[in-house]
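Summary of structural features
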Amino acid sequence: MCGHGGALSECKGAKVTQNSKLDVGHLKRQHLANFPTCLTAIHGFDENLNGTELLIKRDDLIDFGFGGNKVRGLEFILGDAKQKGADTLITGAGVLSNHVRATAAAAAYAGLGMVAVYWGEEPKKCEGNHLLSRILGAEMHFTGSSDRSSVDRHMEKVAEDLRRAGRHPYCIPRGGACALGVIGHILAVEEVAVQCRAFKTAPERVILAVGSGSTMAGWILGSQILGLDWQIEGYTVSRSVEEVRVQVHRLALEAAKILGLDLPVSNQNIVIHDGVIGEGYGIPSPEGQRAIVAVARRQGIFFDPTYTGKAFAGMMKDAARGRFSDLKSILFLHTGGAPSIFTSGIEIFH
Ligand SMILES: *Cc1c(COP(=O)(O)O)cnc(C)c1O
């Protein structure tokens, strides 16, 4: 059991492998966490939702490395790295990255070295995910440039230096956006589908925050493979709608190829909404902060200021406009990000 009250809080969903149409047997997987995570119904938002059921998939509670969606992808990325004989993982992003922190935990767990490459300068105060990655023993490099792509060049340089020293580095793209990472999210779809069947509910929408696009690519591809007809809608928190759509499409096709599938993932199926970024990626928005406060006070569940708070706020705004009024059930994916609550200077609006 986890959560409180209501059958939906119970974590005893049927086995994930039951009736599986997904064959990932040829891929190496390093198990890091215990799945399934909880599926919980939340209440108290009827002024916006008008009776539509709201389910939250608690991937924030993934029980490894402080949780979050990145762990799902890392199980396959780490499996591949180990199979290829890697002794060091290299990845990068901004200094407060959830992805880098989860990768540092995976490297530590597997006994591999870990190099984190961050854009910009080293901040004076070490906090949040930066602090967690330090605790996990990651070696850190700062590119000194605010250009995010400076990370890619620097990662390549670190890899070259390590190779020259006789080591075996394994580079994971910035933010973890790669086809192998998508596979972990495809399995999440099956996990949720089994839970929904067990709980006798059938959400017509799946809503999530979109950053680099791996999670959404996995959800779209997984739903297509399993023949689930819920519609998946993403709220972009970083890039433009068009940029995200191209990236999600590319990642879904690449992941399908790894699985040996010839599924036509249509660009049209990729529904991305704009309007929640506010001043910028990683900068808390007033709406996002209000959503964090409202859900914490009504449900005891914490969203994060960079991803889930903004996406939830966008969903509620659209709900208030009546966009979901004909639906019985919506599923919101809680992708994690808790460490950012402590670093982003959230203000409490009463
Ligand atoms: C990375 C991240 C996302 C977005 O996932 P992508 O696969 O990059 O789109 C959402 N929420 C949290 C908390 C994240 O860390």
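Residues numbered from 1 in each chain as written. Predicted model: local features only at pLDDT ≥ 70, side-chain atom pairs only at ≥ 80, totals over all residues. Heavy atoms only, no water.

1. Focus: helix H6 (residues 179–198)
Taking 1.5 Å of rise per residue, the 20 residues of H6 would be expected to cover 28 Å, and the 30 Å separating its terminal C-alpha atoms lies within 8% of that figure. For H6, the buried fraction is high: 18 of the 20 residues fall into the buried class. Where H6 terminates, the next one or two residues include Lys-200, which has phi positive at roughly 55°. (Helix = DSSP H or I, 4+ residues; strand = E, 2+ residues; numbered from the N terminus. Expected span 1.5 Å × (residues − 1). Buried < 20%, exposed > 50% of the residue type's maximum accessible area, 1.4 Å probe, protein only.)

2. Thoughts on the site of the ligand
Near the ligand lie 14 residues; those nearest to it are Lys-70, Gly-211, Ser-212, Thr-215 and Thr-335. In the environment of the ligand, an oxygen atom lies 2.8 Å from a nitrogen or oxygen atom belonging to the backbone of Gly-213. The separation between an oxygen atom of the ligand and a polar side-chain atom of Thr-215 is 2.7 Å. Summarising the interface, the protein chains cover 97% of the accessible area of the ligand, which totals 380 Å² for the free molecule. Across the shell around the ligand, the residue classes break down as three nonpolar, 10 polar and one charged. (Near = heavy atom within 4 Å. Polar contact = N/O pair within 3.5 Å; in protein donor to acceptor, adjacent residues only side chain to side chain. Areas by Shrake-Rupley, 256 points an atom, 1.4 Å probe, with all protein chains shown as cover. Nonpolar A, V, L, I, M, F, W, Y, C, P; charged D, E, K, R; others polar.)

3. Brief notes about the domain arrangement of the protein chain
What the domain assignment reports for the protein chain is domain 1 (2–69 + 178–342) and domain 2 (73–176). Of all residues in domain 1, Lys-28, Gln-30 and Leu-180 bury the most surface against domain 2, accounting for 27% of the area lost on that side. Joining domain 1 to domain 2, the criterion identifies one salt bridge. Across the pair Glu-75 and Arg-29 runs a salt bridge, and its minimum N-O distance is 2.8 Å. Run the count over domain 1 and domain 2 and you get eight residue pairs in polar contact (both at pLDDT 80 or more). (Domains from an automatic or database assignment. Buried area = accessible area lost by both parts, 1.4 Å probe. Salt bridge = Lys/Arg side-chain N within 4 Å of Asp/Glu carboxyl O.)

4. Quick notes on the sheet that holds strand E6 (residues 169–171)
Across the sheet, four strands lie side by side as E5-E4-E3-E6; this open sheet has parallel pairing. The open sheet terminates on both sides in strands that have one partner only, identified here as strand E5 (139–142) and E6. Here the average twist between neighbouring strands, direction ignored, is 25°. Pairing geometry for strand E4 (residues 113–118) and E5, over four bridges, is parallel. Bridge pairing in E5 places Ala-116 opposite Met-140. (Pairing = 2+ DSSP bridges. Axes fitted to C-alpha atoms, helices over the stretch in contact; angles between N-to-C directions.)

5. Comments concerning unusual backbone geometry
In this chain, Phe-35 is followed by Pro-36 through a cis amide linkage whose omega measures 10°. Among the secondary structure elements, Pro-36 is positioned in the segment before strand E1 (39–42).

6. Regarding the pairing of strand E10 (residues 329–334)
Of all six residues making up E10, six are buried, and the element is well covered by its neighbours. Going residue by residue along E10, you find Ser-329, Leu-331 and Leu-333 tucked away on one face and Ile-330, Phe-332 and His-334 tucked away on the opposite face as well. The sheet contact formed by strand E2 (residues 53–58) and E10 spans six bridges and is parallel. Across the sheet, the residue bridging to Leu-54 is Ile-330, located in E10. Of the strand pairs in this sheet, strand E7 (residues 205–210) and E10 are connected by three bridges, and their pairing is parallel. By the bridge assignment for E10, Ile-207 is matched with Phe-332.

7. A short note on the sheet that holds strand E9 (residues 271–273)
Read across the open sheet, the six strands follow the order E1-E2-E10-E7-E8-E9; overall the sheet is mixed. Looking at which strands have only one partner, the edges of the open sheet turn out to be E1 and E9. Each strand of the sheet is rotated relative to its neighbour by a mean of 30°, with strand direction disregarded. Helix H8 (residues 241–258) contacts E7, strand E8 (231–236) and E9 of the sheet and is inclined by roughly 150° relative to E9. Contacts from helix H10 (residues 308–320) reach E1, E2, E7, E8 and E10, with the element oriented near 165° to E10. (Contact = heavy atoms within 4.5 Å.)

8. A look at the pattern of salt bridges
Following the criterion strictly, the structure yields 22 salt bridges and no others. For Glu-47, the salt bridge goes to Arg-298, with nearest N and O atoms at 3.3 Å. Taken together, the positions of Glu-47 in helix H1 (residues 46–49) and Arg-298 in helix H9 (residues 286–299) put the pair 251 residues apart, joining distant regions of the chain. A salt bridge links Asp-80 to Lys-84, with the shortest nitrogen-to-oxygen separation between them at 2.9 Å. A relative accessible area of 13% means that Asp-80 is categorised as buried.

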